[in-house]
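A look at the structure
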Amino acid sequence: MDQTMVARAQDRMLRELTEFLAIPSVSTLPSHAADCRRAAEWLRTEFTRLGCPVVTLIEGKGHPVVWAEGPEVAGAPTVLIYGHYDVQPPDPLDEWVTPPFEPTVREGRLYARGAADDKGQVYCLMKAYEAVRDASGMPPLNVRFIIEGEEECGGSVIYDLLRAEPGRTRADAVLVCDMSYYAPGWPAVYTALRGMCYAEIAVRTLERDLHSGSYGGVAPNAIETLVRILAGLKDERGEIRIPGLYDAVEPPDDAELSTWKRLPFDEAAFLEEEVTGKALTGLTRYSVLERVWALPTLEIHGIRGGFTGEGAKTVIPAQATAKVSLRLVPGLEYQTVSRWLEEAVAKLAPSWADVRVIPLHGGDPVQVDVRRPAFEVLDEAFLEVAGRRAVLVRAGGSIPIVPELGLAGAPVILTGIGLPDDGLHSPNEKLDLHQLWTGITIFARFFERLAATARPQG
Ligand code: BES
Ligand code: MN
């Protein structure tokens, strides 16, 4: 390919990806259910154009899973590619420089909700497959794509599918491309993901809202009750007050900790450029990387209740709810932690309040054995194209279905083409186009190299 051909292919690819990103497939908002389906349909069309003889939308109680199979290549290895077409809600809208579903390029970066998480990365793998197919006229290996629409909302369609048909995960390697480089120029492979326990805490103290003058000083306030409970769940130093939680954590071993110590990490730049606050908080006796990768968290995502409109209204709220979640590290299981959270909240609840914990969703943490041959194959591709082998890191985030993807015994490769400052779940999410273009070449080379190995024994 000469320069103009590359440029022309890039223009076309940018147009295609823009189309995909313009579909507001926000899985957690019921009002966007039709958009989620449109995104699934968009993928169906693209997989068909890619030459996949099998393309199906698998239905369940929620957004469909897109399943596509490339043409059968006898004797060649099979790679299963996982991704998700759903995105997080784009709010707060007024903080976007350009609207979240009007993808826009500025300074070599494509800004849109889902650009990095995960539509842009799904697209990258589709184009990598297209590239290897075009290079030899025939795909050199077997591919299966499993692209779900409920990763961001804790849905059940893909779980039900894999429980009913575990054979779908039979492959020589599973590739999950929903993460980022460790830093620009530093590709990464992940040895662990945190699990999650998401719940709502609902408080009712009165039958109805009351005048805060007539009853202020005597009537129990639901928001005050709620925030006292929340404050009781974590102390000022950042320690979560759930008995047994830290004792159950399996800490990283010395070898892993020393790998992390050798990674370049600029705490001041991390604070200023990514976190954008005035200080880092949490258990400061641990390093930042340990706090994000190897310790549990408890975060409050939002509080609803009382009067939040313009101006002033004097009222004692009768009810309030908070959305909270814990991130779980190895040693902590979702079901157990969910029960511990309920018990901790029950202990903190005053007798005159009706306090309920409503579990929303969750999943167990994941650890990956990266010593299997497929990892070396990817590493060679990173070295060849990005100029550096992958560093072994962990993810603070979660991908709930990952444990199930490995059930048939295939190595699960967790990696990605994002950059740490992509702003996942935040306003102005972006994907660096350089990452996309090199990513396509990296995974194309990965496919070619994998095809060239004798069918790896996992
Ligand atoms: N791509 C992320 C997971 C991720 C984030 C991995 C950062 C590594 C670093 C994924 O799409 C995601 O956001 N998952 C949710 C899952 C949750 C809703 C159960 C998450 O982590 O919040
Ligand atoms: Mn996400």
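Residues numbered from 1 in each chain as written. Chains lettered and ligands numbered in written order. Predicted model: local features only at pLDDT ≥ 70, side-chain atom pairs only at ≥ 80, totals over all residues. Heavy atoms only, no water.

**A short note on the site of ligand 1**
Ligand 1 sits among 15 residues. The nearest are Asp117, Glu151, Arg327, Ser398 and His425. In this structure, Glu151 approaches ligand 1 through a side-chain N or O atom, which is 2.9 Å from an oxygen atom. At 2.8 Å, a side-chain N or O of His425 approaches an oxygen atom of ligand 1. Taken by itself ligand 1 offers 510 Å² of open surface, and the protein chains cover 88% of this. Split by residue class, the shell around ligand 1 holds five nonpolar, five polar and five charged. (Near = heavy atom within 4 Å. Polar contact = N/O pair within 3.5 Å; in protein donor to acceptor, adjacent residues only side chain to side chain. Areas by Shrake-Rupley, 256 points an atom, 1.4 Å probe, with all protein chains shown as cover. Nonpolar A, V, L, I, M, F, W, Y, C, P; charged D, E, K, R; others polar.)

**Describing the pairing of strand β13 (residues 319–328)**
With respect to burial, β13 is a largely interior element, seven of its ten residues being buried. Alignment of strand β9 (residues 195–204) against β13, held across ten bridges, turns out to be antiparallel. Each residue of the ladder has a partner; that of Ile201, found in β13, is Ala322. Note that strand β11 (residues 297–305) and β13 share eight bridges and pair antiparallel. Its bridge partner being in β13, Arg304 is matched across the sheet by Thr321. (Buried < 20%, exposed > 50% of the residue type's maximum accessible area, 1.4 Å probe, protein only. Helix = DSSP H or I, 4+ residues; strand = E, 2+ residues; numbered from the N terminus. Pairing = 2+ DSSP bridges.)

**Topic: the packing of helix α5 (residues 222–233) against helix α10 (residues 334–348)**
In contact at an axis separation of 9 Å, α5 and α10 are set at 125 degrees when each is read in the N-to-C sense. Considering the angle they form, α5 stands oblique to α10. Two packed elements cross with a definite hand, and for α5 against α10 that hand is right-handed. On α10, the residues touching Ile229, Gly232 and Leu233 of α5 are Leu341, Ala344, Val345 and Leu348. In terms of residue class, the contact of α5 with α10 is made up of six nonpolar, one polar and no charged. (Axes fitted to C-alpha atoms, helices over the stretch in contact; angles between N-to-C directions. Parallel < 35°, antiparallel > 145°, perpendicular 65-115°, else oblique. Left-handed = near helix turned anticlockwise from the far one by under 90°. Contact = heavy atoms within 4.5 Å.)

**Concerning the coordination of the manganese ion (ligand 2)**
Protein coordination at the manganese ion (ligand 2) comes from Asp117 (OD), Glu152 (OE), Glu152 (OE) and His425 (NE2), with a distance range of 2.0 to 2.8 Å. One way to put it: the six donor atoms around the manganese ion (ligand 2) meet at angles of 51 to 156 degrees, and that makes the site irregular. On the primary sequence, the residues serving as donors to the manganese ion (ligand 2) are separated as D-x34-E-x272-H. Placement of the pair is Asp117 in the loop between β5 (109–111) and α3 (119–136) and His425 in the loop between β17 (412–415) and β18 (430–432), with a sequence separation of 308 residues. According to the relative accessible area criterion, His425 is partly exposed, its value standing at 38%. (Donors = N, O, S within 2.8 Å, 3.2 Å for Na, K, Ca; no water. Tetrahedral: all angles 85-135°; square planar, octahedral: opposite > 155°, others 65-115°.)

**Concerning α10**
Over its 15 residues, α10 extends 21 Å from the first C-alpha to the last, a length consistent with the 21 Å expected when each residue adds 1.5 Å. The set of residues buried in α10 consists of Tyr334, Val337, Ser338, Trp340, Leu341, Ala344 and Val345. Taken around the axis of α10, the buried residues stretch over an arc of 165 degrees, which confines them to a single face. Exposed residues lying more than 90 degrees from the buried face of α10 are Gln335, Ala346 and Lys347. Packing partners of the buried residues in α10 comprise β9, α5, α6 (245–248), β13 and β14 (354–363). (Expected span 1.5 Å × (residues − 1). Arc of directions from axis to C-beta.)

**Description of the packing of aromatic side chains**
Per the stated rule, a full pass over the model turns up nine aromatic pairs. Ring plane angle 5 degrees and centroid distance 4.4 Å describe the contact between Phe20 and Trp42, whose orientation is recorded as stacked. Within this pair, whereas Phe20 is found in helix α1 (residues 3–21), its partner Trp42 is found in helix α2 (residues 33–49), the two being separated by 22 residues in sequence. For the pair Phe20 and Trp42, a shared accessibility class is recorded, and that class is buried. (Phe/Tyr/Trp six-rings, centres within 6.5 Å; stacked < 30°, edge-to-face > 60°.)

**Focus on the domain arrangement of the protein chain**
In terms of domain boundaries, the protein chain breaks down into domain 1 (5–193 + 365–453) and domain 2 (195–249 + 296–363). With centres defined by C-alpha atoms, the gap from domain 1 to domain 2 works out at 35 Å. At the junction of the two partners, domain 1 supplies ten residues and domain 2 supplies ten residues. Our enumeration of links across domain 1 and domain 2 arrives at zero salt bridges. Linking domain 1 with domain 2 are one residue pair in polar contact (both at pLDDT 80 or more), by the criterion used here. Counted by class, the side of domain 1 that touches domain 2 contains four nonpolar, five polar and one charged residues. (Domains from an automatic or database assignment. Salt bridge = Lys/Arg side-chain N within 4 Å of Asp/Glu carboxyl O.)

**Considerations on the nonpolar core**
In terms of nonpolar packing, the biggest core is built from 105 residues, with Leu43, Phe47, Phe145, Phe443, Phe446 and Phe447 touching the most fellow members. Among the elements that make up this core, the one with the highest residue count is helix α13 (residues 433–452) (eleven residues). Dropping the residues within four chain positions of it, Phe443 is found in contact with Cys124, Leu125, Ala128, Leu175, Cys177, Leu378, Thr415 and Ile417. Listed in part, the 29 residues of the second largest apolar core include Ile201, Leu245, Ala322 and Ala353. (Core = buried A, V, L, I, M, F, W, Y, C linked by side-chain atoms within 4.5 Å.)

**Let's talk about unusual backbone geometry**
Here the amide bond leading from Asp91 into Pro92 is cis, since omega sits at 0 degrees, within 30 degrees of zero. Counting through the fold element by element, Pro92 comes out in the loop between β3 (78–84) and β4 (104–106). Residue Asp117 is joined to Asp118 through a cis peptide bond whose omega torsion reads 0 degrees. Examined against the element boundaries, Asp118 turns out to sit in the loop between β5 and α3.

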